[in-house]
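Topology and contacts: notes
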There are 2 protein chains.
Amino acid sequence: MAVYTEVGDEELEAFVAEYDLGPVLSCKGIAEGVENTNYLIHTSTGSYILTLYEKRVAEADLPFFLGLIEHLADNGILCPTPVHGKDGKALRRLCGRPAAIVTFLDGMWPRRIRTEHCAGLGTALARLHVAGQDFAMTRPNALTVDSWRPLLEASIPRAGEVQQGLSEILEKELGYLEENWPAGLPSGICHADLFPDNVFFIGDKLSGLIDFYFACNDFFAYDLAICLNAWCFERDRSFNVTKARAMLSSYRQVRPFSDAELVALPLLARGCALRFLLTRLYDWLNTPTGALVKPKDPLEYLTILQFHQAVAGPGAYGLE
Amino acid sequence: MAVYTEVGDEELEAFVAEYDLGPVLSCKGIAEGVENTNYLIHTSTGSYILTLYEKRVAEADLPFFLGLIEHLADNGILCPTPVHGKDGKALRRLCGRPAAIVTFLDGMWPRRIRTEHCAGLGTALARLHVAGQDFAMTRPNALTVDSWRPLLEASIPRAGEVQQGLSEILEKELGYLEENWPAGLPSGICHADLFPDNVFFIGDKLSGLIDFYFACNDFFAYDLAICLNAWCFERDRSFNVTKARAMLSSYRQVRPFSDAELVALPLLARGCALRFLLTRLYDWLNTPTGALVKPKDPLEYLTILQFHQAVAGPGAYGLE
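Everything numeric here is computed off the predicted structure, so don't read it as measured data.

1. Focus on the overall build of chain A
For chain A, the count of helices and strands is nine helices and nine strands. Split into buried and exposed, the 320 residues of chain A put 42% on the buried side. Expressed as a percentage of contacts within chain A between residues at least 6 apart in sequence, the contacts between residues at least 24 apart total 72%.

2. Considerations on helix H7 (residues 241–254) of chain B
Residues and elements named next belong to chain B. The terminal C-alpha atoms of H7, which comprises 14 residues, lie 20 Å apart, in line with the 20 Å expected from a rise of 1.5 Å per residue. Those residues of H7 lying buried are Lys243, Ala244, Ala246, Met247, Leu248 and Tyr251. Buried positions along H7 lie against helix H3 (115–131) and helix H6 (220–231).

3. Some details on the confidence of the model for chain A
Confidence along chain A averages 94 in pLDDT terms, with 97% of residues attaining 70 or more. Predicted complex, confidence summary: ipTM 0.86, pTM 0.90.

4. Some points on the relation of the copies chain B and chain A
Superposition record for chain B on chain A: RMSD 0.0 Å, screw rotation 180 degrees, translation along axis 0.1 Å. Considering both components of the superposition, the chain copies are consistent with a two-fold axis. Identified as the residue of chain B closest to the rotation axis by C-alpha distance is B:Ile30, at 2.2 Å. Most of the interface of chain B is mirrored in chain A, where 100% of its interface residues are also at the interface.

5. Re the nonpolar core
A:Met247 and B:Met247 are the most contacted members of the largest nonpolar core, which has 186 residues in total. Those residues in contact with A:Met247 that lie beyond four places of it in its chain are A:Cys118, A:Ala119, A:Leu121, A:Gly122, A:Cys227, A:Leu228, A:Trp231 and A:Cys232.

6. Comments concerning the interface of chain B and chain A
Facing the 24 residues of chain B at the interface are 24 residues of chain A. Elements with a minimum of two residues in the side of chain B that touches chain A: helix H1 (9–16), strand E1 (24–30) and strand E2 (37–43) of chain B. Among the elements that make up the side of chain B that touches chain A, the one with the highest residue count is E1(B) (seven residues). Residue composition of the side of chain B that touches chain A, grouped by class: 11 nonpolar, six polar and seven charged.

7. What to know about the packing of H3(B) against H7(B)
The description of two packed helices rests on the angle between their axes and on the distance between the axes. Residues and elements named next belong to chain B. Look at H3 against H7: their axes get within 7 Å of each other, and the N-to-C directions meet at 30 degrees. The angle between H3 and H7 places the two elements in the roughly parallel class. Handedness of the H3/H7 crossing: right-handed. On H7, the residues that touch Thr115, Cys118, Ala119, Leu121, Gly122, Thr123, Leu125, Ala126, Arg127 and Val130 of H3 are Thr242, Lys243, Ala246, Met247, Leu248, Ser250, Tyr251 and Val254. Here the residues of the contact of H3 with H7 sort into 11 nonpolar, five polar and two charged.

8. Considering the domain arrangement of chain A
Residue and element names in this part refer to chain A. The domain boundaries assigned to chain A delineate domain 1 (9–103) and domain 2 (115–317). Taken over C-alpha atoms, the centre of domain 1 sits 28 Å from the centre of domain 2. In this assembly, 18 residues from domain 1 lie in contact with 18 residues from domain 2. Classifying every residue of the side of domain 1 that touches domain 2 gives 11 nonpolar, five polar and two charged.

9. Details of unusual backbone geometry
Residues and elements named next belong to chain B. With phi around 70 degrees, Ala192 is a residue other than glycine that occupies positive phi space. Summarising the element assignment, Ala192 is placed in the loop between strand E6 (187–190) and strand E7 (199–202). Note on Ala192: 22 C-beta atoms within 10 Å, which makes it buried. Its identity is not glycine, yet Asp211 carries a phi of approximately 60 degrees, on the positive side. Tracing the sequence through the fold places Asp211 in the loop between strand E8 (205–209) and strand E9 (216–219). Asp211 sits in the buried class, given 24 other C-beta atoms within 10 Å.

10. Thoughts on the pairing of E1(B)
Along any regular strand the residues' side chains alternate between the sheet's two faces. Judged from the six bridges that link them, E1(B) and E2(B) form a sheet pairing that is antiparallel. When the bridges of E2(B) are listed, B:Gly29 appears paired with B:Tyr39.

Here is what the cut-offs are and how they apply
- Residues numbered from 1 in each chain as written.
- Chains lettered and ligands numbered in written order.
- Predicted model: local features only at pLDDT ≥ 70, side-chain atom pairs only at ≥ 80, totals over all residues.
- Helix = DSSP H or I, 4+ residues; strand = E, 2+ residues; numbered from the N terminus.
- Buried ≥ 20, exposed ≤ 12 C-beta atoms within 10 Å, placed from the backbone.
- Contact = placed C-beta atoms within 7 Å.
- Expected span 1.5 Å × (residues − 1).
- pLDDT = per-residue confidence, 0-100.
- Least-squares fit on C-alpha atoms with pLDDT ≥ 70 in both.
- Core = buried A, V, L, I, M, F, W, Y, C linked by C-beta atoms within 7 Å.
- Nonpolar A, V, L, I, M, F, W, Y, C, P; charged D, E, K, R; others polar.
- Axes fitted to C-alpha atoms, helices over the stretch in contact; angles between N-to-C directions.
- Parallel < 35°, antiparallel > 145°, perpendicular 65-115°, else oblique.
- Left-handed = near helix turned anticlockwise from the far one by under 90°.
- Domains from an automatic or database assignment.
- Pairing = 2+ DSSP bridges.

Okay, structure coming up:
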């Protein structure tokens, strides 16, 4: 939620002149995305987002991310499309950073989630999974089960500062997940970070998915588990089964899931709860006080983890 | 440069429904203005700025500020115009704060000032002064000569931390200005904060003036002195007489100034240098480390003050 790199008017004009977008009419730094610097620009041909990629995004991954959203947009997914310059390139440099212009998407992310939002999300996620199937590039998930132990070890010495006994809970859960993590489930392109602030709606209608900077190849059901956790728990951390059912059944209408995926869902949901718990815990313990970006509460994901630990089977998510 | 108040999508939709602007299509918090929270919103009828007034703007002054920009816009000045709700009101409340929607202005503020910018600014400032003459409301300048002593006294004990001997320099200058401050110069509506980041251009053409939250009634020549200081000194703090001449002569073509104004200009320029030196010094000494908004260097204005102290007369500004 910050502008990390200031772009001057002359640098911007020279940069935009590399594209067929007409002259720049305005440029506002926007408070969106915690990883990059984003400007909303108006040119004579419309509105666009200019992104400068800051350190947290690996430059080597950018061709994958930009290629992916272009592929998805070409296949009917509502997501930003990279704009190519007159030289054909979508990725160039500005102010010493990799930078790209993408199309602007109307819509606002929902602060108060309603069941209709979850239904729309389920449909959009399934379409994304289907549309990604013929995308040629791949990127492994850098934040799946194999990567959790080093993350846990980095936080264990101070986990007790957040909650007493937390490190023992995490240690035990991680051991269980490492032993029981499934293999061979249907997999492909996942968004892997589809939280409400990355999904735009106009009224109840989904108008766009953004922020593909965690996208990777992994189990489709794992992506679904991320959404289940991010969209179906209320502010008081209770689980809303109506929302889950709406999301999962809308998903299933577009891309049916196998019995193996269904059975794995509670375990994957535990895994994804642990993944966000661990990254948030790390950020919580390592963000300097007074930093521009306030770290998110890791314990929100402990409640979610414990919910899934107690679940008897996928029926708890409202599925027959 | 920050979003201080988060507005939810539903609150925003309800708020915008009070206007005839059509449904909201998007809303982005923008990094603009240090005093207020600003959102750039798109609706089906166009682009607008939604401002939530934070503590630093006195609520009692808002009818003056909004009335003024409406009057100026009606009189051909390129500035935002308040949008009236269906109930006729331009000022209402959102998230517990006073809030207003104004029209969006295209353009970007110039990071590297060119002589053409200064010429455009001179013309625009003179037009503003003329257009303000039949505006019925008034607001005294809260940051003119009478208010400088309390500001100085608040900073004197620690001024030496910024530069040795600074408090003596300021004390002496303030005494001189209090004794010699002119009376009876042509006066009226002044912007009083027309720094480059409040002036938009598209190419070399001025496209808008923004941020009228210091506007007040004062000497026109004082407003001109503020611009002289803000636009005609280079980054190395040298004075660019070509820019000054361009600004002042463009101004004079729209609103000729009297001999009394011309003669007073060096003294007013000293006064306005002291005014920004004092407010910046106060902020410098009183901003907590790690604050969101970085305070500006007060000493920039010491150099400017010393330049005007050494000036023999208004001829130094390139005027015949």
